[in-house]
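Tertiary structure, described
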Amino acid sequence: MKLTHAHTILSALALTLLTQCGERELSPTEKLSQETFMKAILETHQSTVPTAGPSGDAMANPTTIQDKPVSGQEDAILTDAPNVPPPITRDHPTKVTIKLEVVELVKRMADGVDYTFWTFGGSVPGKFMRIRQNDEVEFHLMNRPDSKMPHNIDLHAVTGPGGGAASSFTTPGHESIFSFKALNPGLYVYHCATAPVGMHVANGMYGLIFVEPIGGLPKVDKEFYVFQSEFYTKGPYGEPGLQPFNMDKALTETPDYVVFNGSVGAMAGDNAVQAKVGEKVRLFVGNGGPNLTSSFHVIGEIFDNVYLEGGVKPAQHQVQTTMIPAGGSAIVEFGLEVPGTYILVDHSIFRAFNKGAVGMIKVSGDENKLVYSGKQDDRIYQLEGGAVQSIAQASSQQPPAANKEERIARGKLVYNSICMACHQPEGQGIPKAFPPLAKSDYLNADVKRSISTVLHGLQGNVTVNGEVYASIMPQLGLNDEQVANALTFVYNSWGNNGTEVLPAMVKEVRATAPPPAPPAH
Amino acid sequence: MRIFLAVVLLAAASVLAASDNAPPGMSAIPGGTYKPLYAKQAKPRQVQPFFLDDIQVTNAQFLAFVTKYPDWQRSRIKPTLADKNYLAHWRGDLDPGDGNALAAPVVNVSWFAAKAYCEAQGKRLPTQDEWEFVARADATRLDASGDQAFLQQLLEWYSKPASSSPSSAAEGAKNVHGVRGLHGRVWEWVHDFNSTMVVGDSRGDGSLERKLFCGAGSLLASDVSNYAAFMRYAFRSSLKGDYCVASLGFRAAKSVKEAPPMPAMPQFTTIYDLPGIWRTHEGEKLKMEQLRGKPRVITMGFTSCKFACPRIIGDMKRIESALGEDADKAGFVFFSFDTERDDPKQMKKAATEHQLASERWTFAISDEETIRQLAVALQFKFATVEGFLTHSNLIAVLDADGKIVHREEELGADIAPTVAALKKLLLP
């Protein structure tokens, strides 16, 4: 939604409500404001008041809507994801021929991982088909001679038993033909329904067919085909090689892969779809399952319109995440105000980050700092009252270390679990952020100062090996024994001077007051 | 204890004896029981001891067959017996390709051709029950079908697209019976493939295959997690007798008891060319060829059917009256597949009950083999489960030569197109 219209819409909406209640007459300027509101609504939510075609309750029974007679003949344009065939501009229904070939083939599931997909048209998801309401479709399903299995198709757009399944049941090396009339507009999933249906779906046999309503949907700048589905493989996510289907995982609904458009990265990185600032985008989103419901979300965008469950009326505006059931769909629309990469995810978020459910829309164009500034500042945040943070640590119940060797060994454990995150595995630190502990002049010059630093933390500039560091060392909450061990490990590693720090020394330093913080600068 | 030992010894001896008897190239399969996938309520089915080919029939063997019986060569075969893909992978009528191809299982063969091959060897196609019974075995166990690892292995093979050049039939993995390559090679024809999926009465549902689709596919299965078996049944269910498929071959079986030699698979153009003797409701012998000479409306069913068949007979009666006086120029035939209950007396009773004008109507029954052959030729499905007969619905219009000019497979469909097809044949 365009922000520039937001205020106008809200104030005009208030006026409209008042007028509708009949409380007062509108002044000429208020009337103008209301007109502006309607215009704004039309521009940003064109589909709220469709410019053409039926609306409202007429859709409850689309067959009652007046339409021109069927005339002409054409072959349907079929596309692979993420592409969508062009909108249908015909003002009348026609006879459409759709030819779809079933192909069983090995393709990439993820880098280094292959899978034997069963496909409608050679790719997962299957071809996107676009027809118009009341079109009369002659459907050809061809099963390649080298297929191992018979297949069929159940189009959710078909009114009739099985959605075409029985009529399209096709042996390898054969072709089935059946016809249907597209009575209901909407975005429909199709899939193979041959027993065992779960396995046919699990192997990739699904796609979308969009039955355009009379008058079409409002015009947008870009349309994309996005299809979520999951795969159940013998090996875990990422295990290389040709991965067979795993029955147990499918039954327990624990997929290894949850992906958009058939494979990990099919719509990300170099395969991301492109759009420009100022454009309005429509996504035709399907979910083939076989099991999971999608919590479909685009990171950094808000859907202006969601045609819930693939219907042809925007059911909701300003939606962050929309739920798409297995065997269901949704149409989402949003305007692009700010350049950058927008990530499509299943917001059941482990699926996105651990199983592959990530897609991308790369948006180019001019920045709009008012809408989104980017990072303006980066500063240190501290809790009130204490300059130095304290990390609570459970006290160790272990008996004291018996000798230097044991102290170094135990110290290493403390170092690895606490210090290493900043000071790095080889004590090398991170330039300009965390000072090195390896060959550290700061450490080797003064043991008591080192003990105090670990005990009390440190704030302000510190110079180590000639470099100035300005970050903060938190108070770590270690006991005397742990501090002694950790420091002894550090002093006996990476070229330091070999000092053994004893708990008694730590106790002594703890008893003295921490050094005053250096003056702020 | 002594008795137990004796029984064990006896059993062992009988298995050995069977093995010894096995014809060359075949393994003896001891009989037993098994539970088919599509028979949830059914009792386990009995499989009699039989012999099964060790390996799938190869291109080389099939070459020998078509050399001896030229009618089965690619350029000569009748279109009723095989579709256009028949032996499509061969380079010529008598040229299956190089040496590798010779040893590979023959594919792209129709049911009719596979059956003819078997009969030429004095063998037959295995039944679905026989095939599935043997297919449960792995290398060490007679029944591995409860083992998920075994099933997973099968699924992995089924998932892969068919290889363009299957390797030698002799390389297939050997199971405990000594049979090689039952899985992991190519699919195999079974004799009664057209009985697949027909479990439970057709219940007014013209498309029996419905049970194969969506959730309904699992309703009647005895083991819904046995996806491997589902896939085999689904595959068979998609076939018709003339289909030739690149991943479908066959192997032959033989009964232990010496069966009378089968009549050679005929070259038929229409079903009136099919051999076999039928017996009518009047107790008369009937050969298919006697039905030539006038248009006929035919169906298959069983007279004690309480649901679909009476409705089909009702439809045929309405077709008969729609013809008016022309009805005398047409014939109406009901072919029964119920060999247990339908005999001339029972069929006569049915004809009387339905008040069928006997000069126009014929009820006929034959032996199982003759019936199966007609059913495959008519693309008609039927099966017997627990004495419960199930079948697809068919009303077909045949011209005077027996050629099918119109078929209706939906129960309760409009009779007008059927009447129109018939009237066209009756035009002077």
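Residues numbered from 1 in each chain as written. Chains lettered and ligands numbered in written order. Predicted model: local features only at pLDDT ≥ 70, side-chain atom pairs only at ≥ 80, totals over all residues. Heavy atoms only, no water.

1. So, the overall build of chain B
The test is simple: A run of DSSP states H or I qualifies as a helix once it reaches four residues; a run of E qualifies as a strand once it reaches two. Both are numbered from the N-terminal end. Type-normalised accessible area, obtained with a 1.4 Å probe on protein chains alone, sets the label of each residue: buried when under 20%, exposed when over 50%, and partly exposed for intermediate values. When checking whether two residues touch, look at their non-hydrogen atoms; a contact exists if any pair is within 4.5 Å. Throughout, the Shrake-Rupley method with a 1.4 Å probe supplies accessible areas, and for residues the shown protein chains are the sole cover considered.
Tallying secondary structure elements over chain B gives twelve helices and 16 strands in all. Here chain B holds 428 residues, and 54% of them are scored as buried. Counting contacts in chain B only where the partners sit at least 6 residues apart, residues at least 24 apart contribute 75% of the total. Entry remark: accessible area of chain B is about 18500 Å², with carbon and sulfur atoms responsible for 54%.

2. Quick look at the overall build of chain A
Helix and strand counts for chain A come out as ten helices and 23 strands. Considering chain A as a whole, with its 521 residues, one finds that 50% of them fall into the buried category. Contacts in chain A between residues at least 24 apart in sequence constitute 69% of all its contacts with a sequence separation of at least 6.

3. Considerations on the side chain of Asn134 of chain A
Residue and element names in this part refer to chain A. Short version of the rule: For the purposes of these results, a polar contact is taken to be a pair of N or O atoms within 3.5 Å, where, inside protein, one atom must be able to donate a hydrogen and its partner to accept one; residues adjacent in sequence count only when each atom of the pair is a side-chain atom.
As for its placement among the helices and strands, Asn134 is situated in the loop between β5 (128-132) and β6 (136-143). A relative accessible area of 10% means that Asn134 is categorised as buried. A polar contact of 2.8 Å, which involves the side chain of Asn134, links it to the side chain of Asp67. In this structure, Asn134 is in contact with Asp67, Val70, Pro93, Lys181, Ala182, Leu183 and Ile214, ignoring residues within four places of it in sequence.

4. Side note on the sheet that holds strand β15 (residues 280-289) of chain A
All names here are of chain A. Defined as follows: Any two strands with at least two DSSP-identified bridges between them are counted as paired. Only C-alpha atoms enter the line fits that serve as axes; for helices the fit covers just the stretch in contact. Angles between N-to-C directions range over 0 to 180 degrees.
Spatial ordering of the open sheet is given by β13-β11-β15-β19-β17, a layout of five strands whose pairing is mixed. Looking at strand neighbours, the two that pair on one side only are β13 (257-260) and β17 (305-307), the edges of this open sheet. The mean inter-strand angle of the sheet, taken between neighbouring strand axes irrespective of direction, is 15°.

5. Quick look at the packing of helix α9 (residues 480-491) of chain A against helix α10 (residues 503-511) of chain A
All names here are of chain A. We apply this condition: Crossing handedness follows the turn of the near helix against the far one: under a right angle anticlockwise gives a left-handed crossing, and clockwise gives a right-handed one.
At a closest axis distance of 8 Å, the pairing of α9 and α10 adopts a crossing angle of 115°. As α9 packs across α10, the resulting crossing turns out to be right-handed. Residues Asp480, Glu481, Val483 and Ala484 of α9 pack against Pro503, Val506, Lys507 and Arg510 of α10.

6. Here's the deal with the nonpolar core
Keep this limit in mind: Throughout this description, the term nonpolar core refers to a set of buried Ala, Val, Leu, Ile, Met, Phe, Trp, Tyr and Cys residues connected via side-chain atoms within 4.5 Å.
Counting 173 residues, the largest nonpolar core has Phe139 of chain A together with Phe62, Tyr86 and Phe250 of chain B as its most contacted members. If we ignore the near neighbours within four places in the chain, the residues touching Phe62 of chain B are Val57, Tyr86, Leu87, Trp90, Val106, Val109, Ala113, Tyr117 and Phe250 of chain B. Phe296, Phe303, Ile324 and Val338 of chain A belong to the second largest nonpolar core, which has 27 residues in total.

7. Description of the packing of aromatic side chains
Residues and elements named next belong to chain B. To keep it simple, the criterion reads: Working definition: a ring pair exists when centres of Phe, Tyr or Trp rings (six-membered ring for Trp) sit within 6.5 Å. Plane angles under 30 degrees give stacked, over 60 give edge-to-face, the rest tilted.
Summed over all chains, the structure comprises 41 aromatic pairs over all chains. For the ring pair Trp111 and Phe112, a centre distance of 5.3 Å and an interplane angle of 75° mean the geometry is edge-to-face. Residues Trp111 and Phe112 agree in their burial class; the two are buried. Arranged with centres 4.8 Å apart and planes meeting at 20°, the rings of Trp187 and Phe235 form a pair that is stacked.

8. A short note on the sheet that holds strand β9 (residues 186-191) of chain A
Pairing between sheet strands relies on hydrogen bonds along the backbone, with the strands arranged either parallel or antiparallel. All names here are of chain A. One open sheet holds the five strands; their spatial order is β2-β5-β10-β9-β7, and the pairing between them is mixed. Looking at the sheet topology across the chains shown, the edges are occupied by β2 (78-79) and β7 (154-155). Inspection of the sheet shows β5 paired to strand β10 (residues 206-212) by four bridges, in the parallel sense. Its bridge partner lying in β10, Arg132 is registered against Glu212.

9. Considerations on a nonpolar patch on the surface
Let me state the cut-off plainly: What goes into a patch is any residue over 30% in relative accessible area without a salt bridge, connected to like charges within 9 Å or, for nonpolar side chains (Val, Leu, Ile, Met, Phe, Trp, Tyr), within 5 Å. We count a salt bridge whenever a side-chain nitrogen from Lys or Arg sits within 4 Å of a carboxyl oxygen from Asp or Glu.
A surface patch of nonpolar side chains, about 360 Å² in accessible area, is lined by Ile349, Phe350 and Phe353 of chain A. Tracing the sequence through the fold places Phe353 of chain A in helix α5 (residues 350-355).

10. Things to note about the interface of chain A and chain B
Here is the rule we go by: Under the convention adopted here, Pro, Cys and the residues Ala, Val, Leu, Ile, Met, Phe, Trp and Tyr are nonpolar, Asp, Glu, Lys and Arg are charged, and Gly plus all remaining residues are polar.
Across the boundary between the two partners, chain A contributes 36 residues, which contact 33 residues of chain B. One salt bridge connects Glu156 of chain B with Lys234 of chain A, and the closest N-O pair in it is separated by 3.4 Å. Counting residues per element, the ones that place at least two in the side of chain A that touches chain B are β3 (95-110), β4 (113-120), α3 (197-202) and α4 (247-251) of chain A. Class assignment of the residues belonging to the side of chain A that touches chain B gives a composition of 19 nonpolar, eleven polar and six charged.

11. Section: the pattern of salt bridges
Per the counting criterion, the structure on display carries 45 salt bridges over all chains. Put simply, Asp328 of chain B and Arg360 of chain B hold a salt bridge, and the shortest N to O gap is 2.9 Å. With a gap of 32 residues between them, Asp328 of chain B in the loop between α9 (308-322) and β11 (331-336) and Arg360 of chain B in the loop between α10 (344-353) and β12 (361-365) connect regions that are remote in the sequence. Members of the salt-bridge network, linked through shared partners, are Arg130, Glu212, Glu223, Arg282 and Glu333 of chain A.

12. Observations regarding the confidence of the model for chain A
Residues and elements named next belong to chain A. This is how it is decided: The pLDDT score gives, residue by residue, the confidence of the prediction method on a 0 to 100 scale.
Summarising the model, chain A shows a mean pLDDT of 84, and 84% of its residues fall at 70 or more. Under a pLDDT of 50 for its full length, residues 1-54 has, in the predicted model, 63 contacts with residues more than four places off or in other chains. Here residues 391-396 scores under 50 on pLDDT; set against residues more than four positions off or in separate chains, the count is twelve contacts.

13. A look at the environment of Ser255 of chain B
All names here are of chain B. With respect to the secondary-structure elements, Ser255 resides in strand β7 (residues 253-255). Ser255 sits in the partly exposed class, given a relative accessible area of 28%. For the pair formed by Ser255 and Phe50, sequence separation is 205 residues and the distance between their alpha carbons is 4.8 Å. Within the local environment of Ser255, its side chain forms a polar contact with the side chain of Arg124, the two groups lying 3.1 Å apart.

14. Focus: helix α5 (residues 128-135) of chain B
The periodicity of an α-helix, 3.6 residues per turn, causes residues three or four positions apart to be oriented the same way. Counting buried positions along α5 of chain B yields eight of eight residues, so the element is predominantly enclosed. Those residues of α5 of chain B that sit buried are Gln128, Asp129, Glu130, Trp131, Glu132, Phe133, Val134 and Ala135 of chain B.

15. A closer look at the side chain of Asp83 of chain B
Basically, it comes down to this: Positive charges are assigned to Lys and Arg, negative charges to Asp and Glu, while His and the chain termini are left out of the count.
Checked against the element boundaries, Asp83 of chain B lands in the loop between α2 (59-68) and α3 (99-103). Buried and unpaired, Asp83 of chain B has Lys84 of chain B as its nearest opposite-charge partner, separated by 8.6 Å. At 2.9 Å, the side chain of Asp83 of chain B and the backbone nitrogen of Asn85 of chain B are in polar contact. The contact partners of Asp83 of chain B, leaving out residues within four places of it in the chain, are His174 of chain A together with Asp242, Tyr243 and Cys244 of chain B.

16. Section: the pairing of strand β20 (residues 340-346) of chain A
Residues and elements named next belong to chain A. The sheet contact formed by strand β16 (residues 294-299) and β20 spans four bridges and is antiparallel. The residue bridging Phe296 from the neighbouring strand is Asp346, located in β20. Where β20 and strand β21 (residues 358-364) come together, six bridges link them in antiparallel fashion. Looking at the pairing, Ile343 lines up with Met360 of β21.

17. A few points about the pairing of strand β14 (residues 273-276) of chain A
All names here are of chain A. Side chains of β14 alternate between two faces, with Val273 and Ala275 buried and Gln274 and Lys276 left unburied. Looking at chain direction, β14 and β21 are connected through four bridges and run parallel. Bridged to Lys276 within β21 is Ser364.

18. Here we look at unusual backbone geometry
Residue and element names in this part refer to chain A. A cis amide bond, omega 10°, links Ala81 with the succeeding residue Pro82. Mapped onto the secondary structure, Pro82 falls in the loop between β2 and β3. Cis geometry is adopted by the peptide bond preceding Pro290, which originates at Gly289 and carries an omega value of 10°. Mapped onto the secondary structure, Pro290 falls in the loop between β15 and β16.

19. Observations regarding the environment of Val106 of chain B
Residues and elements named next belong to chain B. Inspection of the secondary structure puts Val106 in the loop between α3 and α4 (111-120). Overall, the relative accessible area of 0% leaves Val106 in the buried class. Placed 140 residues apart in sequence, Val106 and Ala246 show a C-alpha to C-alpha distance of 9.1 Å. Setting aside residues no more than four positions away along its own chain, Val106 makes contact with Val57, Thr58, Asn59, Phe62, Leu87, Trp90, Leu248, Gly249 and Phe250.

20. Points about the packing of α4 of chain B against helix α11 (residues 368-377) of chain B
Between two packed helices, the angle of one axis relative to the other and the distance separating the axes together describe the packing. All names here are of chain B. To keep things clear, this is the line we draw: Roughly parallel means an angle under 35 degrees; roughly antiparallel means over 145; roughly perpendicular covers 65 to 115; every other angle is labelled oblique.
For the pair α4 and α11, the least separation of the axes is 11 Å and the interaxial angle reads 150°. Comparing their axes, α11 and α4 come out roughly antiparallel. The segment α4 lies against α11, with Trp111, Phe112, Lys115 and Glu119 engaging Glu369, Arg372, Gln373, Val376 and Ala377. Looking at the contact of α4 with α11 residue by residue, the class counts come to four nonpolar, one polar and four charged.

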